[in-house]
Amino acid sequence: MRHALMLALAIRRASTLLPPAAPTLRSARFATDASKALEQRFDAALRDDCGVRANDTVVAAVSGGVDSTCLLHLLARAECRVKVVTFDHRQRGAASTEDAAFVRRLAARYGLECDTHVWEGDKGTADSFRNWRRRTLLETEGDHVATAHHADDEAELFLLRLARGARLTKIVEGMRMRKPPFVRPLLREPKRELRQYLEDNNEEWRDDASNDDPSYGKRNQARLEVVPPLDALCDGGLSAKLDNLRRQAEAVQAWIDREADTLLAARRSGALPLAAYREAPEPVRLEVLDRLAADAAATDGSYAVPYAVLCDADAKLCGGEAAWTLHLPRGVLLRVGHGALSCAEPPPSRSVGRIRIDGRLGHLAVALDRGLAVPAPANEPLDLRPRQAGD
C-alpha cells in the first residue's frame, strides 16, 4: 500500500513537470453544426474539386477581410502545408499597414510562414494592384495558390459582364474552382456562411471601409446595391440560380467549341474560306472570330473582342463586299480578300520615344531613340508623333 501511494505521488509530481499541451486553436465550445458542416464541405472541395493533396504546399492570399480570414482558418486545419502571403497597398494610411500586421499575427498563431509585400509605387489603379498581386503569388514557391473567392463574387461577376455586354455564354460563365495553379475552395459558399463561421468561432477579421462605398467602382456598386435585392427576390437563392445557368451555358459552349474547332480546321495557310464561315450558325461564327483575333493579338489570354464589335464584323463578313480590312481592339486587323478571311497581328509601333515620369522629383522628360532627353514644357501639353519628312 505504501509503495502504491509513493508511486501515485511520483506520477502526479512528474505530470506537473511536463510542458503544457499546445492550446487548441479553436475552442470546442464555439463549434456549431453549421461550422462543422462548412469545414466538411471545404475539405471535400479542397480535395475533390481543387486537387489539393496531403503535404501539398498551398500559398494562401490573405488580406485580413472576412473571406480570406475564413480561408486561412480552414486551411490551417487541413492536411496540406500552408504559406501565407499578404499585401500592404499603402493606400489607406495606417489601416493598410494594420491589416498586414493582423494577418501576420494570425499566421504566427498557427505557426505558419507569412510573407508581406509592400507596394513601392505611388497611388495605383485596381488593375495595377491586381497584376502586382497575381505576379507575386505566381512567384511564390508552392503547389497551389488559394484565393478566397466565394459565391457572391460570382454574382458580382455576372452583373459586371452583363453591364459590359458580353455574350450569353460568357455572361454566365463562372469562375473555376481549379485553374492551375489557382484554386478557389470557397467558390460555392455564400459570404454570409463565411462571416457566420468566424462569428460562431469567436474569430476576428479586418474591415476595409472602401468596400462599403458604392461610389468606389462598379464592383462595389453591384455588391452593395444590386446583389442584395436580387438575392432577396430569389429568396436567398441567387447563387444557386446562377449556378444552374452556368451549367446550361457550359453545355451550350461545349457545342459551340466543337463546331468552331471543325470550322477552323478548314483554314488554308491561316485563311478561312468565306463560304464555310457564312454557312455556320451565328454563335459559332462569333466564336471563330474571337479566336482568330485572340491568336493574332498573341496576348496572355486576356484579349477579348466586345460582343457588339464581333456582331458588326460578322454582319460585314456575311455581306457582299469582296475585299476590305477592319481594325479590331489592340490593333488586330481583320482582312477579307480572295474569298477568305484572316486576322493579322498589329503592325510594329512607329513611336519615336517614350514618356518617363520621375515621381520623386516630379520631372517629365522624353527619351528619344538616340539617347537624347528633352525636358517637357511645364504646364503645357506634350504631343508625340512619328517622325516626318524634314524632322
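Residues numbered from 1 in each chain as written. Predicted model: local features only at pLDDT ≥ 70, side-chain atom pairs only at ≥ 80, totals over all residues. Heavy atoms only, no water.

### Quick word on the overall build of the protein
The helix and strand tally for the protein stands at 13 helices and 13 strands. Going through the 391 residues of the protein one by one, you find that 38% of them count as buried. In the protein, once contacts between residues fewer than 6 apart in sequence are set aside, the share between residues at least 24 apart is 65%. For the protein, the accessible area works out to roughly 23,800 Å², and carbon and sulfur atoms hold 53% of it. (Helix = DSSP H or I, 4+ residues; strand = E, 2+ residues; numbered from the N terminus. Buried < 20%, exposed > 50% of the residue type's maximum accessible area, 1.4 Å probe, protein only. Contact = heavy atoms within 4.5 Å. Areas by Shrake-Rupley, 256 points an atom, 1.4 Å probe, with all protein chains shown as cover.)

### Here's the deal with the sheet that holds strand S10 (residues 340-344)
In spatial order, the strands read S7-S10-S9-S8; together these four strands make up an open sheet with antiparallel pairing. The strands lining the two open edges of the sheet, one partner per strand, are strand S7 (272-273) and strand S8 (324-327). Helix-sheet contacts for helix H12 (residues 282-297) involve S7, strand S9 (333-337) and S10, and the interaxial angle to S10 is about 40°. Packed onto the sheet, helix H13 (residues 307-317) meets S8, S9 and S10 and runs at close to 175° relative to S8. (Pairing = 2+ DSSP bridges. Axes fitted to C-alpha atoms, helices over the stretch in contact; angles between N-to-C directions.)

### Quick look at the side chain of Thr140
Tracing the backbone through its elements, the reader meets Thr140 in the loop between helix H5 (126-139) and strand S4 (144-146). A polar side-chain atom of Thr140 sits 2.9 Å from the main-chain carbonyl oxygen of Thr136. Apart from the residues within four sequence positions on either side, Thr140 is in contact with Val59, Lys83 and Val85. (Polar contact = N/O pair within 3.5 Å; in protein donor to acceptor, adjacent residues only side chain to side chain.)

### Here we look at the environment of Gly65
Checked against the element boundaries, Gly65 lands in the loop between strand S1 (57-61) and helix H3 (66-76). Taking the relative accessible area as the measure of exposure, Gly65 reaches 17% and is therefore buried. Residues Gly65 and Ala148, spaced 83 residues apart in sequence, show a C-alpha to C-alpha distance of 9.8 Å. When residues no more than four places from it in sequence are discounted, the contact partners of Gly65 are Trp205 and Arg206.

### Topic: the packing of aromatic side chains
Tallying each qualifying case throughout the model produces three aromatic pairs. Ring centres of Phe87 and Trp132 lie 5.1 Å apart, and the angle between their planes is 70°; on these two criteria the pair is classed as edge-to-face. Taken together, the residues span a long stretch of sequence, with Phe87 in strand S2 (residues 81-88) and Trp132 in helix H5 at a distance of 45 residues. Among the aromatic residues, those joined into a cluster by ring pairs are Phe87, Trp119, Phe129 and Trp132. The side chain of Arg109 reaches across the aromatic face of Tyr110, ending 5.4 Å from its centre. (Phe/Tyr/Trp six-rings, centres within 6.5 Å; stacked < 30°, edge-to-face > 60°. Lys NZ or Arg CZ within 6 Å of the ring centre and 35° of its normal.)

### Some remarks on the confidence of the model for the protein
Per-residue confidence for the protein averages 81 on the pLDDT scale, and 79% of its residues sit at or above 70. Within the model, the stretch residues 1-29 combines pLDDT values under 50 with nine contacts to residues more than four positions away or in other chains. Ignoring residues within four places in sequence, the model shows residues 387-391, a span with pLDDT below 50, making five contacts including any to other chains. (pLDDT = per-residue confidence, 0-100.)

### Describing the pairing of S1
Most of S1 sits out of view: five of its five residues are buried. The sheet contact formed by S1 and S2 spans five bridges and is parallel. In the strand pairing of S2, Ala60 is matched with Val84. With H3 bridging S1 and the parallel S2, this β-α-β connection has right-handed handedness. With three bridges connecting them, S1 and S4 associate as parallel partners. Counterpart to Val58 in the pairing with S4 is His144. (Right-handed = clockwise from strand over helix to strand, strands pointing away.)

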